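# A structural walkthrough
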Amino acid sequence: MTTLRAFTCDDLFRFNNINLDPLTETYGIPFYLQYLAHWPEYFIVAEAPGGELMGYIMGKAEGSVAREEWHGHVTALSVAPEFRRLGLAAKLMELLEEISEKKGGFFVDLFVRVSNQVAVNMYKQLGYSVYRTVLEYYSASSGEPDEDAYGKFVFSLKLNGTILMLRIPGLVCKTIIIFLAYETGSDSCRLMGFMYPPLDNFSYLRLYQL
Amino acid sequence: GEHRDYLDNGNNKMAIQQADKLLKKHKDLHCAKVLKAIGLQRTGKQDEAYALAQEVAALEPTDDNSLQALTILYREMHRPELVTKLYEAAVKKVPNSEEYHSHLFMAYARVGEYKKMQQAGMALYKIVPKNPYYFWSVMSLIMQSISAQDENLSKTMFLPLAERMVEKMVKEDKIEAEAEVELYYMILERLEKYKEALDVVRGKLGEKLTSELQSRENKCMAMYKKLHRWPECNALARRLLLKNSDDWQFYITYFDSVFQLIDESWTPPAEEEHSLEGEVHCSIEQAVNFIEERIAGESRSSRPLRGPFLAKLELIRRLRHRGCNDEYKLGDPEELMFQYFKKFGDKPCCFTDLKVFVDLLPPSQYTKFIQQLLDIIPLVAAAEDEVALPGDIKALQQHLCVVQLSRLLGIYHTMDKKQKLAVVRELMLRYRHGLEFGKSCLKTELQFSDYYCLLAVHLLLDLWLEGEEAAVWQCLTLLEEGLSHSPSNAQFKLLLIRIYCRLGAFEPVSELYSSLDAKHIQHDTIGYLLTRYASSLGHYAAASQSCNFALRFFHSNQKDTSEYIIQAYKYGAFEKIPEFIAFRNRLNSSLHFAQVRTERMLLDLLLENWEWAKRGLGEDISEEHRKLSLEEETLWLRIRSLTLRLVSGLPTLAHTIQPKNSEKTAENGVSSKIDTIRALLQQLEAAVDSGKKFLEQKIQYPVLGPPPTRMAGFFSNGSCQCQTSLFYLVSDIYELDTNGLEDSAEIQERIGNSFKSLVERLTDLFNKCKGDLIEVRDGTLKTHPNLLENLVFFVETISIALWVSSYCDSVLRPFKSNLQKKKKKKKESSVAMPPVFTHFLDYVTELQTLTSNVIDHIKGLEIILTALKLEELDSLCKHREKKFTKTVQGKVQSSYHHSVQEIGELLKKRLDTIKKLKI
């Protein structure tokens, strides 16, 4: 029993029960406004009949419009403690995937802390696979993902970082097997992972090849 | 090039040097000048930066580099209006530039010049006929209508014009994007042309509405409701529920519409379709069947759905309100809730769900209902006389739900102290037992049994309110214990914060609050917990810091939102634009913002050495309490901001020239300053009266409801009376100043009397600060936070007294030196000293003595606090809790020590000021 609707600015005043969770980041106002201005349809909130906010998902379309290559990205997904174990997160993911597909997104990806095992397992159940591990995605001093980090984290991989997971609609989870292994060098680390089957035929995915 | 890199890397000095080098070679390189100006701005030389920038701006540059650099500079100067001037000039010189016109549009958007935006949008469209430009112009009309003071003007001029502009595009078949249709819908909705809006959404244009989920359906539904087209409302809600029988909002619409149709005696047409949206339900039987079908369908769903079951309870409630239930055989709510518990009792939200419907249970059945639920939970007792405990997480969750329901239904409320304590013991036993299931929980996760601990604490809080002093200490002990097992539990932390503050101990609060990692918007939504108590408990440094955090957030709001309003134009998220503006306004008019601003300034005055002459959860809060609290906070804010304005008005009165008579001064305008002070004083009196009237209602907020303001203490300890008398004294001294010493016996006497009564009142205020801050009574600790708050008020009031004395000093000193000159000239020893000098000297001496006494008192408090041996109390507590009890008591003791130290330091500074005041 849930009301699903678009997230609005006023919800920021009411989302403490969701956000006072140690794994849920409270971003600066600009961050939320950017998502609301640019990708309002990817920002959905669930409300209980008593009016309490139960959880929300916040996402965006990423990639290049010019090359007609883009995908959906989940930036934040969080459910308040008393509304967990109801499948709400899965429902919200489903909605975002639906929107992303409708918009022509090729796949949906997300970052999740390696330590957040509950979330990692949930995403795996939803058909997501670990694609690669990334260093210090969450450690930017501002607490907000640093756009410049994109180039940076490729060269500074470390275990105990964050993992990038993705799901390609139409492909069964089992078919993507990802081997993650690391070779630590003096100033750079190399990801030895590869995918099976090789994803070279998906030109778009080359963007993410290391 | 190079200097730009320096700027980007924050090396402003090098950037300035590089720019200077360039400028030596090329005197008129505009861009270099602007980059130098940016460097100057960033190194704090705002005036030079501005002058240099205006030099370039005056030449009306049209090169990209200069324009962009100036835009950056003006933004950093917080002068966005200058950017509009810049591009207005550029557009005049290069009238066909799409780029400059669009910069101009955005510059207007940043400052909210809606009319000019409308024109700029059209100008752009004329140069390059792209749809977005045209619709930017249309949106600017909507913004004019929103910001228009005159609603009539907005409905008869701006919106119809916007409508015609869109209609023109529709007729010419030029509508391209979804955003444009959204905008059209927005206009029609605002014009209350719901029928037309519905036609757009349902028509061909509506096909473009695809981005949002069910965008078309949601918009149609909104319009059906506005048009009272209940058949369509019903049919659409029904259809959407068939698709997703868990979406609550559509159940509500479905029920609303069914009962509307019944009341209207609506009957479906015999031959045609029921409605535009298909089949309509218009009788109770149909509604009942529909819900039963949803429940039957639920069993086929992959995941259990709560919606259909709760919808049934909702339907029963609505039928009851209409006075009909039994004949439809929906079932007994008690039984249905029991079944619901069976199905969903192991979900943490079961309690929240059932909470909404407990009013369907007759109070006489409460105990039976609870017992019925308890009976089906698999609990096992190790021995016959021991508590039966859950064997797994599911059973624990079910049991927790029952415990929460018991509290909600008031089962514990009627218990006596002994019974309540027994329940607390049982809950804590269950809590500790439940930790077993969470052994593998990460630090970031909550423990399954946390709620037991929370409930035990709430019961103890009830006991505390009933006068059981020891209970509050046990609350803290249990919460600290809970937090040690579940370090991420925000409920524990918030409760600890509230209770420590109530006990007058602020020190532990800082750490708890920072572990909540509250930031950004949370400075508004929970930050008030800090700012309410920090300074009033004498933690001045922490108070400054928390005010600063909050203010930084509020100040950045203005700049941040403008940026995203512009983005919303770019991305065509038109409906977000009014939303962003409303959000910005809501934050700007936050009561907390106004309070923090005022308190921060008062705090600055208090903490600074003012040298004269040199310068001038948990529980639900009822709507009623919410309203009362808002009223109280607003009244208190008015008193505080008037106090602030009065205090900061004092330096403007400073005696500078020697006036000969009062009329002259009235002419030269100094008198207007005292008029302001007198007017403010009247307003303060009025505000104080309203405050007193408000407090006559003797409102008791729930212990975890809104924290009461400091207003009650301000009145009852006498600081209010002292402070107003002090401001009246200012007025008298001013009169003496303008009148001169001759023929002023009456004024002098009045001032003398004020001095005397002020000393008495301040002494009374001090008496209200006396007593032990923490005492041991009947083996329990008792804190007296009100004494601490009174001390803080004393410091503030004595500070105001000193500032007023400084003013008095500045008035009397020239009089005295004049008299002494006269004395020397006439060589007479008979020039009598007017009595006001003696009065003032006596007064200042008394202030000094009083302040010294208070400092001594504080020293005494420090000694007592240090000597207080808290360990001896431990015999009362169970061994298990001992460790946490010690922590809690130690924290409170240390916090009081900290408060007293900061207050003492501040008073010592005040004492130094007094010593300088003796004429």
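Since the model is a prediction, treat every value here as computed from it, not as a measurement. (Residues numbered from 1 in each chain as written. Chains lettered and ligands numbered in written order. Predicted model: local features only at pLDDT ≥ 70, side-chain atom pairs only at ≥ 80, totals over all residues. Heavy atoms only, no water.)

### A few points about the pairing of strand E2 (residues 43-47) of chain A
Residues and elements named next belong to chain A. Among the five residues that make up E2, five are buried, leaving the element largely enclosed by the rest of the structure. With four bridges joining them, strand E1 (residues 3-6) and E2 adopt antiparallel strand pairing. From the neighbouring strand, Leu 4 faces E2, where its bridge partner is Ala 46. Pairing of E2 with strand E3 (residues 53-64) involves five bridges; the strand directions are antiparallel. Considered in E3, the bridge of Val 45 is made with Tyr 56. Linking two consecutive strands that pair antiparallel, namely E2 and E3, is a turn of five residues; a positive phi of about 95° is found at Gly 51 within it. (Buried < 20%, exposed > 50% of the residue type's maximum accessible area, 1.4 Å probe, protein only. Helix = DSSP H or I, 4+ residues; strand = E, 2+ residues; numbered from the N terminus. Pairing = 2+ DSSP bridges.)

### Considering the state of the cysteines
Per the stated rule, a full pass over the model turns up zero disulfides over all chains. Distance from the sulfur of B:Cys475, which forms no disulfide, to the nearest cysteine sulfur (B:Cys453) is 9.5 Å. (Disulfide = S-S within 2.5 Å.)

### A few points about the pattern of salt bridges
Residues and elements named next belong to chain B. Under the counting rule described, the total for this entry stands at 57 salt bridges over all chains. Among the salt bridges present, the one from Asp 199 reaches Lys 195, with a minimum N-O distance of 2.8 Å. Here Asp 199 pairs with Lys 195, and both are found in helix H12 (residues 194-202), just four residues apart, close to one helical turn. Judged by its relative accessible area of 43%, Asp 199 falls in the partly exposed class. A single network of salt bridges, built from pairs that share partners, joins Asp 256, Glu 314, Arg 317, Arg 318 and Asp 359. (Salt bridge = Lys/Arg side-chain N within 4 Å of Asp/Glu carboxyl O.)

### Some words on the pairing of strand E3 (residues 774-777) of chain B
Residues and elements named next belong to chain B. Sheet analysis places E3 next to strand E4 (residues 780-783), joined by four bridges and oriented antiparallel. Residue Glu 775 lies in a different strand from E4, and its bridge partner there is Lys 782. Hairpin connection between E3 and E4: a loop of two residues separates the two successive antiparallel strands, and Asp 778 in this loop has a positive phi of roughly 50°.

### Observations regarding helix H20 (residues 366-375) of chain B
Residues and elements named next belong to chain B. Taken together, the buried positions of H20 are Tyr 366, Phe 369, Ile 370 and Leu 373. Down the axis of H20, the smallest arc covering the buried residues is 95°, so these residues share one side. With respect to the buried face of H20, the exposed residues turned more than 90 degrees away are Thr 367, Lys 368 and Asp 375. Of the surrounding secondary structure, the elements contacted by the buried residues of H20 are helix H18 (333-344) and helix H21 (393-408). (Arc of directions from axis to C-beta. Contact = heavy atoms within 4.5 Å.)

### Points about the interface of chain A and chain B
If you look at the interface, chain A gives 51 residues, while chain B gives 51 residues. For the pair chain A and chain B, the two sides together bury roughly 4600 Å², of which 64% comes from carbon and sulfur. Linking chain A with chain B are two salt bridges, by the criterion used here. A salt bridge links B:Arg586 to A:Asp10; the shortest N-O distance between them is 3.1 Å. Linking chain A with chain B are 17 residue pairs in polar contact (both at pLDDT 80 or more). Among the elements of the structure, E1, helix H1 (16-19), helix H2 (29-38) and helix H3 (88-102) of chain A are those that each provide at least two residues to the side of chain A that touches chain B. In terms of residue count, H2(A) provides more of the side of chain A that touches chain B than any other element does, seven residues in total. (Buried area = accessible area lost by both parts, 1.4 Å probe. Polar contact = N/O pair within 3.5 Å; in protein donor to acceptor, adjacent residues only side chain to side chain.)

### Quick notes on the domain arrangement of chain B
Here chain B is described as being made up of domain 1 (2-208) and domain 2 (762-793 + 806-824 + 833-918). Distance between the C-alpha centres of domain 1 of chain B and domain 2 of chain B: 57 Å. (Domains from an automatic or database assignment.)

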